[in-house]
Protein chains: 2
Amino acid sequence: MDHSPIEFYFDFSSPYGYFASTQIEALAAEFGRQVSWRPILLGPIFRRVGAPPLVEVPLKGPYALRDFARTARLFDIPYIHPARFPIATVGAARAMLWIAAHHGQDKAAEFAHKVFHAFFAGQQDISNTDVVAALGEGVGLPPGELLQGMNEPAIKEALKKQVEDAITRGVFGSPYLIIDDEPFWGFDRFDHIRRWMRLRGR
Amino acid sequence: MDHSPIEFYFDFSSPYGYFASTQIEALAAEFGRQVSWRPILLGPIFRRVGAPPLVEVPLKGPYALRDFARTARLFDIPYIHPARFPIATVGAARAMLWIAAHHGQDKAAEFAHKVFHAFFAGQQDISNTDVVAALGEGVGLPPGELLQGMNEPAIKEALKKQVEDAITRGVFGSPYLIIDDEPFWGFDRFDHIRRWMRLRGR
């Protein structure tokens, strides 16, 4: 039986990515899996596939705003729709990759939770690198180091590669989960994942 | 307590609309509701909002095809992806409206189940009006009458109006359900509907 980690692609500016982040570890644990956190940037992906940002689509946009708030309520997830939305998350994504490279995946996941919560429940502007550094400090990382790490060419390159790889693998939204090569798009696929895992005998 | 029917907007060419059709009556019954079946046409709606058909979107299209088949399997719904897809459903939608007007909602719902099943499990071309008439015959309607009814100017006008009204109400996809003015888009919102109904004490 394969027990490779659940690959969890997300953009820090994605409400459904945030909702998924609050439950992904519990979901993985149900099936004895780890989570591989993979921050990506929806901007370049949407431009590549010719899709406008969700909230700009006629009819669908207003519905989405309503669905964000309602989904949070139905699943008991703290949520205050950000005043500026969507925003650039390249700094936060680079920070996460640097933390993973230098302090391990667990620390990076701890940081990711802080970032998501700050943006979607704390009304903080995570497109601001000083805010990102302060969130890193909250998980024990010296802000100077993190700010420097975010700007390393190797980290910038790693994020670019992660976005490219994601597109190659078919990732077009957030959250996008891959379990043993099986793709699932959306927080609303958590139930499908459970059914799928049961059907194949985990 | 309000007990107005669940308004169920769908296109006969929509796989997720089909999946919803197999469970909508059970869902409504859980909450002591009826279902108001409202066939619409996604073509004019997509053109209005500037959205391409789902399966034509890069990355998302191939994923959707996979998700149709998987969702059917996970929810134990018979499904054979139609050889021609999507197709024009204006005839089937008009036929349903005519049946509702002349033989009542229950007969129309019975017909709708036949149409969906013929297209998504029976490899029948429901864009063909003779196929539509034969399906009507299967629920006891003389095919000549139905073919004539589908062509009545009042029925054509009624469908046009239903599509216009749907857009006015914010409908942009299929299935799209409205319960006491609260909109839910997608088969994957059935679970959200249950949570929402419970949260408000039905």
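Residues numbered from 1 in each chain as written. Chains lettered and ligands numbered in written order. Predicted model: local features only at pLDDT ≥ 70, side-chain atom pairs only at ≥ 80, totals over all residues. Heavy atoms only, no water.

1. Focus: unusual backbone geometry
For step 1, the next point in the chain: For the peptide bond that leads from S174 of chain A to P175 of chain A, omega is 0 degrees, which places it in the cis range.
For step 2, the next point in the chain: Looking at where P175 of chain A falls in the secondary structure, it is placed in the loop between α7 (153-168) and β3 (176-179).
For step 3, the next point in the chain: Backbone geometry at L59 of chain B places phi at a positive 65 degrees, although glycine is not the residue there.
For step 4, the next point in the chain: Relative to the helices and strands, L59 of chain B is located in the loop between α2 (42-49) and α3 (60-74).
For step 5, the next point in the chain: Residue classification places L59 of chain B among the partly exposed positions, given a relative accessible area of 23%.
For step 6, the next point in the chain: The phi dihedral of D180 of chain B falls on the positive side, at around 50 degrees, and the residue is not glycine.
For step 7, the next point in the chain: Looking at the secondary structure, you find D180 of chain B in the loop between β3 (176-179) and β4 (182-185). (Helix = DSSP H or I, 4+ residues; strand = E, 2+ residues; numbered from the N terminus. Buried < 20%, exposed > 50% of the residue type's maximum accessible area, 1.4 Å probe, protein only.)

2. A short note on the interface of chain B and chain A
For step 1, the next point in the chain: Counting residues at the interface gives 30 residues for chain B and 30 residues for chain A.
For step 2, the next point in the chain: Across the interface of chain B and chain A, roughly 3000 Å² is buried in total on both sides, 62% from carbon and sulfur atoms.
For step 3, the next point in the chain: Its largest share of buried area at the contact with chain A, chain B owes to L59, Y63 and L74 of chain B, together 22% of the area lost on that side.
For step 4, the next point in the chain: There are eight salt bridges connecting chain B and chain A. (Contact = heavy atoms within 4.5 Å. Buried area = accessible area lost by both parts, 1.4 Å probe. Salt bridge = Lys/Arg side-chain N within 4 Å of Asp/Glu carboxyl O.)

3. A look at the pairing of strand β1 (residues 6-10) of chain B
All names here are of chain B.
For step 1, the next point in the chain: In terms of burial, β1 is a largely internal element, five of the five residues being buried.
For step 2, the next point in the chain: The side-chain alternation of β1 yields two buried faces, one formed by I6, F8 and F10 and the other by E7 and Y9.
For step 3, the next point in the chain: In terms of handedness, the path from β1 via helix α1 (residues 15-30) over to strand β2 (residues 35-39) forms a crossover that is right-handed. (Right-handed = clockwise from strand over helix to strand, strands pointing away.)

4. Here we look at the packing of aromatic side chains
A ring pair, where both rings are aromatic, is described by two values, the distance of the centres and the angle of the planes.
Residue and element names in this part refer to chain A.
For step 1, the next point in the chain: Counting across every chain of the model gives 52 aromatic pairs over all chains.
For step 2, the next point in the chain: When the ring of Y18 is compared with that of F120, the centres are 5.1 Å apart and the planes differ by 20 degrees; the resulting orientation is stacked. Taken as a pair, Y18 in helix α1 (residues 15-30) and F120 in helix α4 (residues 90-120) lie far apart in primary sequence, 102 residues in all.
For step 3, the next point in the chain: Owing to a relative accessible area of 0%, F120 belongs among the buried residues under this scheme. (Phe/Tyr/Trp six-rings, centres within 6.5 Å; stacked < 30°, edge-to-face > 60°.)

5. What about the sheet that holds strand β1 (residues 6-10) of chain A?
Within a sheet, neighbouring strands are paired by backbone hydrogen bonds and run either parallel or antiparallel to one another.
For step 1, the next point in the chain: Overall, mixed pairing links the four strands, which are arranged β2-β1-β3-β4 (chain A) in an open sheet. The open sheet terminates on both sides in strands that have one partner only, identified here as β2 (35-39) and β4 (182-185) of chain A. Ignoring strand direction, the axes of neighbouring strands in this sheet form an average angle of 20 degrees.
For step 2, the next point in the chain: Pairing of β1 of chain A with β3 of chain A involves three bridges; the strand directions are antiparallel. In the strand pairing of β3 of chain A, Y9 of chain A is matched with Y176 of chain A.
For step 3, the next point in the chain: Sitting on the sheet, α3 of chain B is in contact with β3 and β4 of chain A, with an inclination near 100 degrees to β4 of chain A. (Pairing = 2+ DSSP bridges. Axes fitted to C-alpha atoms, helices over the stretch in contact; angles between N-to-C directions.)

6. Let's talk about helix α8 (residues 190-199) of chain A
For step 1, the next point in the chain: By the burial criterion, the buried members of α8 of chain A are F190, H192, I193, W196 and M197 of chain A. Seen from one end, α8 of chain A has its buried residues packed into an arc of 150 degrees, which puts them on one side. Exposed residues on α8 of chain A whose side chains face more than 90 degrees from its buried face are R198 and L199 of chain A.
For step 2, the next point in the chain: In this structure, the buried side of α8 of chain A is in contact with α1, β3 and β4 of chain A together with α3 of chain B.
For step 3, the next point in the chain: Phi turns positive, to about 65 degrees, at G201 of chain A, one or two residues after α8 of chain A. (Arc of directions from axis to C-beta.)

7. Side note on α4 of chain A
For step 1, the next point in the chain: Spanning 31 residues, α4 of chain A covers only 17 Å between terminal C-alpha atoms, well under the ideal 45 Å at 1.5 Å per step.
For step 2, the next point in the chain: Of all bends in α4 of chain A, the biggest is about 140 degrees, found at H103 of chain A. (Expected span 1.5 Å × (residues − 1). Bend = angle between axes of the 7 residues up to and from the residue.)

8. Quick look at the relation of the copies chain B and chain A
For step 1, the next point in the chain: Overlaying chain B with chain A gives an RMSD of 0.0 Å, the required rotation being 180 degrees about an axis along which the chain moves by 0.0 Å. The operation mapping one copy onto its partner corresponds to a two-fold rotation axis. Identified as the residue of chain B closest to the rotation axis by C-alpha distance is D188 of chain B, at 3.1 Å.
For step 2, the next point in the chain: A share of 100% of the interface residues of chain B reappears at the interface of chain A, consistent with the copies meeting face to face through the same patch. (Least-squares fit on C-alpha atoms with pLDDT ≥ 70 in both.)

9. Some points on the nonpolar core
For step 1, the next point in the chain: In this structure, F111 of chain A together with F111 of chain B are the most contacted members of the largest nonpolar core, which totals 108 residues.
For step 2, the next point in the chain: Not counting residues within four places of it along the chain, the set of residues in contact with F111 of chain A comprises A92, A95, M96, I99, V132, L135, G136, V139 and L146 of chain A. (Core = buried A, V, L, I, M, F, W, Y, C linked by side-chain atoms within 4.5 Å.)

10. Description of the layout of surface pockets
For step 1, the next point in the chain: For the second largest pocket, the calculated volume is near 380 Å³.
For step 2, the next point in the chain: Lining the second largest pocket are 18 residues, and of these D188, D191 and H192 of chain A together with D188 and D191 of chain B sit closest to its centre.
For step 3, the next point in the chain: Broken down by secondary-structure element, the contributors of at least two residues to the lining of the second largest pocket are α8 of chain A together with α8 (190-199) of chain B.
For step 4, the next point in the chain: Across the lining of the second largest pocket, the residue classes break down as six nonpolar, four polar and eight charged. (1 Å grid on protein atoms, 1.4 Å probe; cavity = no way out; pocket = protein on both sides within 12 Å on 5 of 7 lines; lining within 4 Å. Points joined across faces, edges and corners; volume = space filled by probe spheres on them. Nonpolar A, V, L, I, M, F, W, Y, C, P; charged D, E, K, R; others polar.)

11. Thoughts on the environment of L135 of chain A
All names here are of chain A.
For step 1, the next point in the chain: With respect to the secondary-structure elements, L135 resides in helix α5 (residues 129-138).
For step 2, the next point in the chain: L135 gets classed as buried once you look at its relative accessible area, which sits at 10%.
For step 3, the next point in the chain: C-alpha separation for the pair L135 and H113, spaced 22 residues apart in sequence, amounts to 9.9 Å.
For step 4, the next point in the chain: Leave out the neighbours within four places in its chain, and L135 touches F111, K114, V115, A118, Q124 and I126.

12. Re the sheet that holds β3 of chain B
Residues and elements named next belong to chain B.
For step 1, the next point in the chain: Strand order in this open sheet of four strands is β2-β1-β3-β4, and the pairing throughout is mixed. Looking at strand neighbours, the two that pair on one side only are β2 and β4, the edges of this open sheet. For this sheet, the mean angle separating the axes of adjacent strands, direction not counted, is 20 degrees.
For step 2, the next point in the chain: Strand direction decides the pairing type here: β1 and β2, joined by five bridges, are parallel. Paired with E7 across the two strands is S36, which belongs to β2.
For step 3, the next point in the chain: In the packing of α8 onto the sheet, contacts are made with β3 and β4, and the angle to β3 comes to roughly 10 degrees.

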